[in-house]
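Each chain is listed here by its residues.
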Amino acid sequence: MRCPVLHEPNHNPIALPDEAATAAFATSLAKMLRPGLVIYLRGNLGAGKTTLVRALLQALGYDGRVKSPTYTLLERYEVAGLHLRHFDLYRFRDAEEWEGSGFRDEFDGSNICLVEWPEQAAGLLPPADISLTFEILQDGREVLLHAYTPAGQTCLSALPG
Ligand SMILES: Nc1ncnc2c1ncn2[C@@H]1O[C@H](COP(=O)(O)OP(=O)(O)OP(=O)(O)O)[C@@H](O)[C@H]1O
Ligand SMILES: [Mg+2]
């Protein structure tokens, strides 16, 4: 799970004082999404991970409901010619569940996989191209960006910050 940081475009966190700020950040990120990216979403309960995914899908033009995959663990979306996979592994328990779930096949180099609570499947999940780490502040949130691969670096290089 731990890999060296290849590039850190943002040493400083990006401030997300409200949900509108999260939506604006998601709009920038949406433009840089490419097939095959694996994005880990880190941060405590309620830190804003699902909010980011919802805003990302909306920025891509998705107008359906975006549910948190709290119980299903995975929700699938097709929008703007992209196949997005939204995982929430908070309730994920063991390796057998991974083998039985077919999750491995979702990381096919074409799907864009956004993974909440990647720590829960450490050693099973493919490595990330990018991680977004959300912190809860007194007012709003902030997010720290890390890229671990050239593809991740390209994605983050065009973001503000
Ligand atoms: N930038 C922001 N500023 C203020 N509030 C926010 C921001 N982003 C999200 N929130 C609020 O935080 C709450 C929890 O957000 P969200 O469900 O996205 O968290 P999460 O990180 O996915 O949590 P979990 O780990 O439980 O899935 C929501 O009520 C949402 O409105
Ligand atoms: Mg969530």
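Thresholds, definitions, all that
Residues numbered from 1 in each chain as written. Chains lettered and ligands numbered in written order. Predicted model: local features only at pLDDT ≥ 70, side-chain atom pairs only at ≥ 80, totals over all residues. Helix = DSSP H or I, 4+ residues; strand = E, 2+ residues; numbered from the N terminus. Contact = placed C-beta atoms within 7 Å. Buried ≥ 20, exposed ≤ 12 C-beta atoms within 10 Å, placed from the backbone. Near = placed C-beta within 6 Å. Nonpolar A, V, L, I, M, F, W, Y, C, P; charged D, E, K, R; others polar. Axes fitted to C-alpha atoms, helices over the stretch in contact; angles between N-to-C directions. Parallel < 35°, antiparallel > 145°, perpendicular 65-115°, else oblique. Left-handed = near helix turned anticlockwise from the far one by under 90°. Pairing = 2+ DSSP bridges. Arc of directions from axis to C-beta.

Draft legend 1. Spatial organisation of the environment of Ile136. Its place among the elements puts Ile136 in strand E6 (residues 130-136). Distance from Ile136 to Gly48, taken between C-alpha atoms, is 8.2 Å for residues 88 residues apart in sequence. Beyond its immediate sequence surroundings of up to four residues, Ile136 is in contact with Asn44, Gly46, Ala47 and Arg141.

Draft legend 2. Local environment of the pairing of strand E2 (residues 38-42). Burial runs high along E2: 5 of the 5 residues are buried. Side-chain alternation along E2 places Val38, Tyr40 and Arg42 on one buried face and Ile39 and Leu41 on a second face that is also buried.

Draft legend 3. A look at the site of ligand 1. Around ligand 1 there are 19 residues in total, and Leu16, Gly48, Lys49, Thr50 and Thr51 lie nearest to it. Along the lines of polarity and charge, the residues of the shell around ligand 1 split into 5 nonpolar, 8 polar and 6 charged.

Draft legend 4. Quick look at the packing of helix H1 (residues 19-32) against helix H2 (residues 49-60). Here H1 crosses H2 at 55°, and the two axes come no closer than 8 Å. Considering their axes alone, H1 and H2 lie oblique with respect to each other. Where H1 crosses over H2, the two elements pack in a sense that is right-handed. Taken together, the residues of H2 that come into contact with H1 (itself represented by Glu19, Thr22, Ala23, Ala26, Thr27, Leu29 and Ala30) are Thr51, Leu52, Ala55, Leu56, Ala59 and Leu60. Class assignment for the residues of the contact of H1 with H2 results in 9 nonpolar, 3 polar and 1 charged.

Draft legend 5. Looking closely at the sheet that holds strand E5 (residues 112-116). Pairing is mixed in the open sheet, where 7 strands are placed in the order E1-E7-E6-E2-E5-E4-E3. Two strands bound the open sheet, and with one partner strand each, they are strand E1 (14-16) and strand E3 (74-79). When strand polarity is set aside, the average angle formed by the axes of neighbouring strands in this sheet is 20°. Pairing of E6 with strand E7 (residues 141-147), which is carried by 7 bridges, proceeds in the antiparallel orientation. Bridging across to E7, Ser131 finds its partner in His146. Running at roughly 135° to E1, H1 makes contact with E1 and E7 of the sheet.

Draft legend 6. Structural view of helix H5 (residues 150-157). Among all positions in H5, only Gly152, Cys155 and Leu156 are buried. Around the axis of H5, the buried residues are gathered within 90° of arc, so they sit on the same side. The outward face of H5, more than 90 degrees from its buried face, is lined by the exposed residues Pro150 and Ser157. Turning to H5, the residues buried within the fold contact H1, E6 and E7.

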